[in-house]
Amino acid sequence: MFRTFATCTLGCKVNQYETDAMEQMLIRAGYEKVDFKDCADIYLINTCSVTNMADKKSRQMIHRAKKKNPDSIVVAAGCYIQAQADQKAELDEHIDLIIGNNKKKDIVTILDQYYRDNLAEETVIDINHTSEYEELSIDSVNEHTRAYLKIQDGCNQFCSYCIIPYVRGRIRSRKPEHVIREVKNLAGNGYKEMVLTGIHLSSYGKDLEEGSLIELIEQINQIDGVERIRLGSLEPRIVTEEFAKRLSKVEKLCPHFHLSLQSGCDETLKRMNRHYSIEEYERSLALLRQAFREPALTTDVIVGFAGETEEEFAETVEALKRMNLYEMHIFKYSVRKGTRAEKMPNQVPEQIKTQRSNILLEMAARHKEAYEKQWIGQEEEILAEEFADIEEERYLLGHTKRYVKVAVKTTKNLEGQLVKVRIIGQLDKNVLAGEIID
C-alpha cells in the first residue's frame with residue numbers, strides 16, 4: 001500500500017543523522033517522503049530532551065502533526081520518549097507509536113507490524129544496560145556539500161545539569177570499518193566534507209578492543225574524495241601534546257575545534273561535575289594554538305548555574321577574556337527535571353541570568369568580529385554551498401576550513417566545489433566578502 005511520511009528533527013546533529021537514516025530506510029521500503037507542512041500518512045518526530053524547553057517543543061510538534069492529519073500515524077522517537085519510558089501511561093494521547101533510542105534501526109519493521117496487527121511492540125529498551133551500538137547509515141544528506149556522521153553514542157560524564165546519560169546510555173562506539181565504509185560511500189556520492197559527531201565524541205573507541213578517535217581520523221584522511229574532515233564537540237582533556245601533534249599532521253583536518261567549557265570558574269565547574277580545571281582547559285587551547293596557525297576555537301558557556309555568585313561569574317568573564325575564543329555560544333542555565341542540579345540550593349534568578357548572558361553575548365560578538373577581520377586580505381579556500389540574496393544582491397556562500405562564512409559574487413554554478421578566494425572585506429556582521437581567484 002502506498003504511504004507518505006514526513007519527518008521533524010529536534011536537537012543536535014546526532015538526531016539529524018538518525019532522522020536521515022530512518023528516512024532512507026523508509027524510502028527503500030517504498031514509502032514516499034513529503035514536507036512536514038503537508039498532509040502525510042505518517043509523521044515521524046525525532047524528539048530532544050536536553051532541556052525542559054526541548055521537551056515542550058517535542059510535545060508541540062507531536063500535537064502539530066496530529067492536527068494536520070487526525071488520521072495519521074504519529075511516531076515519536078528519541079530522547080524525549082526515552083526519558084518518559086517509565087511513565088508510558090502519561091504519554092501524549094496524540095502519539096500512536098513510540099521508538100526509543102537504539103530502536104530507530106527497526107522503524108520499517110515497527111511500522112509494518114503496526115499496520116498489519118494494529119499493535120505496537122515494546123520499542124523502548126533499558127538504555128542504561130546496553131552495550132550495543134545502533135548501526136545506522138546514510139548515503140546522502142539534506143546538505144549538498146557537507147555530511148555529518150554519527151560515530152559514537154552515549155555518555156559516562158554525568159554532568160549535574162544534564163539528562164543525556166540517562167536517555168542515551170553508556171558510551172558506545174561505531175566500528176571503524178563501518179565508519180570507513182560509509183565515508184567512502186558518501187565521498188563517492190560527491191560529499192567533500194565529513195563532520196564526525198557523537199553524543200560524547202571524545203569517548204570514541206574507549207569501549208572497543210582497538211581503535212581511537214585519532215586513529216579513525218587518520219584513516220579517513222587517506223580516503224579518496226574526502227577533502228575536509230571536521231570534528232564535533234570535544235572534551236578539553238582529550239587534547240594532549242601527542243593528540244595535538246598527530247592532528248597537525250592530518251592534512252585534510254579543518255583547524256576548527258569546539259571545546260566545551262560551560263564555566264570559567266573552577267568552583268562552578270565542580271558543582272557542574274565537569275572533569276577539568278580552567279588551567280587544564282587553557283593548556284588544551286595552548287596546545288592547539290601551537291599545533292595550528294590561528295585555529296578557530298569555539299565553546300559553550302552556561303551562565304547562572306545553580307549557586308553561581310557574582311564573584312564566580314567575574315572569574316568566567318576574566319577567563320574568557322584571556323582565552324580570546326573565536327565563537328562563544330552562551331546559554332542561560334535552565335533547570336532540567338531529573339538532574340542533580342535541579343535540587344541544588346541558591347538557584348539564580350532569571351533577571352540576573354539575563355544580565356550575565358548579555359555581558360557575555362557582547363563579548364562574544366566582539367571576539368567573533370576581531371577573529372574574522374584578521375582574514376581580510378588573505379587567500380582562503382571555501383567549500384561553496386548555496387546561493388543567497390544579501391542586501392538585494394546575489395552571492396554564493398561557503399565556509400573556510402576554520403568555518404568562517406564568506407560570500408562571493410558569481411554567476412557560475414560552483415556549488416559543492418572548493419573555490420579559492422581572496423577575502424576583501426566585511427559584508428555584514430556574519431559574513432565576509434570575497435572574490436574568486438581565477
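Computed from a predicted model, the values in this text were never measured in an experiment. (Residues numbered from 1 in each chain as written. Predicted model: local features only at pLDDT ≥ 70, side-chain atom pairs only at ≥ 80, totals over all residues. Heavy atoms only, no water.)

Draft legend 1. Spatial organisation of the overall build of the chain. Within the chain one finds twelve helices and 17 strands. For a compact globule of 438 residues, the expected C-alpha radius of gyration is about 22 Å, and the chain comes in at 22 Å, within 12% of that figure. Along the first, second and third principal axes, the C-alpha atoms of the chain reach 65 × 60 × 50 Å. Buried residues in the chain amount to 56% of all 438 residues. Summed over all atoms, the accessible surface of the chain reaches about 20000 Å², with 47% contributed by carbon and sulfur. Charge centroids of the chain, computed over 62 positive and 72 negative side chains, lie 1 Å from each other. (Helix = DSSP H or I, 4+ residues; strand = E, 2+ residues; numbered from the N terminus. Rg over C-alpha atoms; globule rule 2.2 N^0.38 Å. Buried < 20%, exposed > 50% of the residue type's maximum accessible area, 1.4 Å probe, protein only. Areas by Shrake-Rupley, 256 points an atom, 1.4 Å probe, with all protein chains shown as cover. Lys, Arg positive; Asp, Glu negative; His and termini not counted. Charge placed at Lys NZ, Arg CZ, Asp CG, Glu CD.)

Draft legend 2. Spatial organisation of helix α12 (residues 350-373). An ideal rise of 1.5 Å per residue puts 34 Å on 24 residues; α12 measures up with 34 Å between its terminal C-alpha atoms. Restricting attention to buried positions, one finds in α12 the residues K353, R356, S357, L360, M363, A364, H367, K368, Y371 and E372. (Expected span 1.5 Å × (residues − 1).)

Draft legend 3. Summary view of helix α1 (residues 13-28). End to end, α1 covers 23 Å across 16 residues, agreeing with the expected 22 Å (1.5 Å per residue, within 8%). With twelve of 16 residues buried, α1 is to be regarded as a mostly interior element. Restricting attention to buried positions, one finds in α1 the residues V14, N15, Y17, E18, T19, D20, A21, M22, E23, Q24, M25 and L26.

Draft legend 4. Expanded view of the sheet that holds strand β14 (residues 393-399). Taken together, the five strands give a closed barrel; going around it, the order is β13-β14-β15-β17-β16, and neighbouring strands pair in mixed fashion. Adjacent strand axes in the sheet meet at a mean angle of 45 degrees, parallel and antiparallel pairs treated alike. Relative to strand β17 (residues 431-436), strand β16 (residues 418-428) is paired through six bridges, and the arrangement is antiparallel. For G425, the partnering residue across the bridge sits in β17 and is A433. (Pairing = 2+ DSSP bridges. Axes fitted to C-alpha atoms, helices over the stretch in contact; angles between N-to-C directions.)

Draft legend 5. Geometry of the environment of Y191. One can find Y191 in the loop between α6 (176-188) and β8 (193-198). Those residues in contact with Y191 that sit more than four places away from it in its chain are D139, S140, V141, E143, H144, T145, R146, A147, L186 and G225. A distance of 3.0 Å separates a polar side-chain atom of Y191 from the backbone nitrogen of V141. (Contact = heavy atoms within 4.5 Å. Polar contact = N/O pair within 3.5 Å; in protein donor to acceptor, adjacent residues only side chain to side chain.)

Draft legend 6. Just the packing of aromatic side chains, in detail. Overall, the coordinates contain nine aromatic pairs when judged by the stated rule. Ring geometry for F158 versus Y166: centroids 5.4 Å apart, planes at 75 degrees, classification edge-to-face. Classification of Y166 by relative accessible area gives partly exposed; the value is 38%. Taking the centre distance of 6.0 Å and the plane angle of 70 degrees together, the rings of Y371 and W375 count as edge-to-face. Residue Y371 is classed as buried on the basis of its relative accessible area, which comes to 9%. For W375, a relative accessible area of 4% gives the class buried. An aromatic cluster of three or more residues is present, and its members are Y161, F305 and Y333. If you follow R3 out to its NZ or CZ, it ends over the ring of Y115, 3.4 Å from the centre. The aromatic ring of Y148 is capped on one face by K13, whose charged end is 4.4 Å from the ring centroid. (Phe/Tyr/Trp six-rings, centres within 6.5 Å; stacked < 30°, edge-to-face > 60°. Lys NZ or Arg CZ within 6 Å of the ring centre and 35° of its normal.)

Draft legend 7. Region of the structure containing the pairing of β17. Where strand β15 (residues 405-408) and β17 come together, three bridges link them in parallel fashion. Looking at the pairing, A407 lines up with A433 of β17. Here β16 folds back onto β17 in antiparallel fashion, the turn holding two residues.

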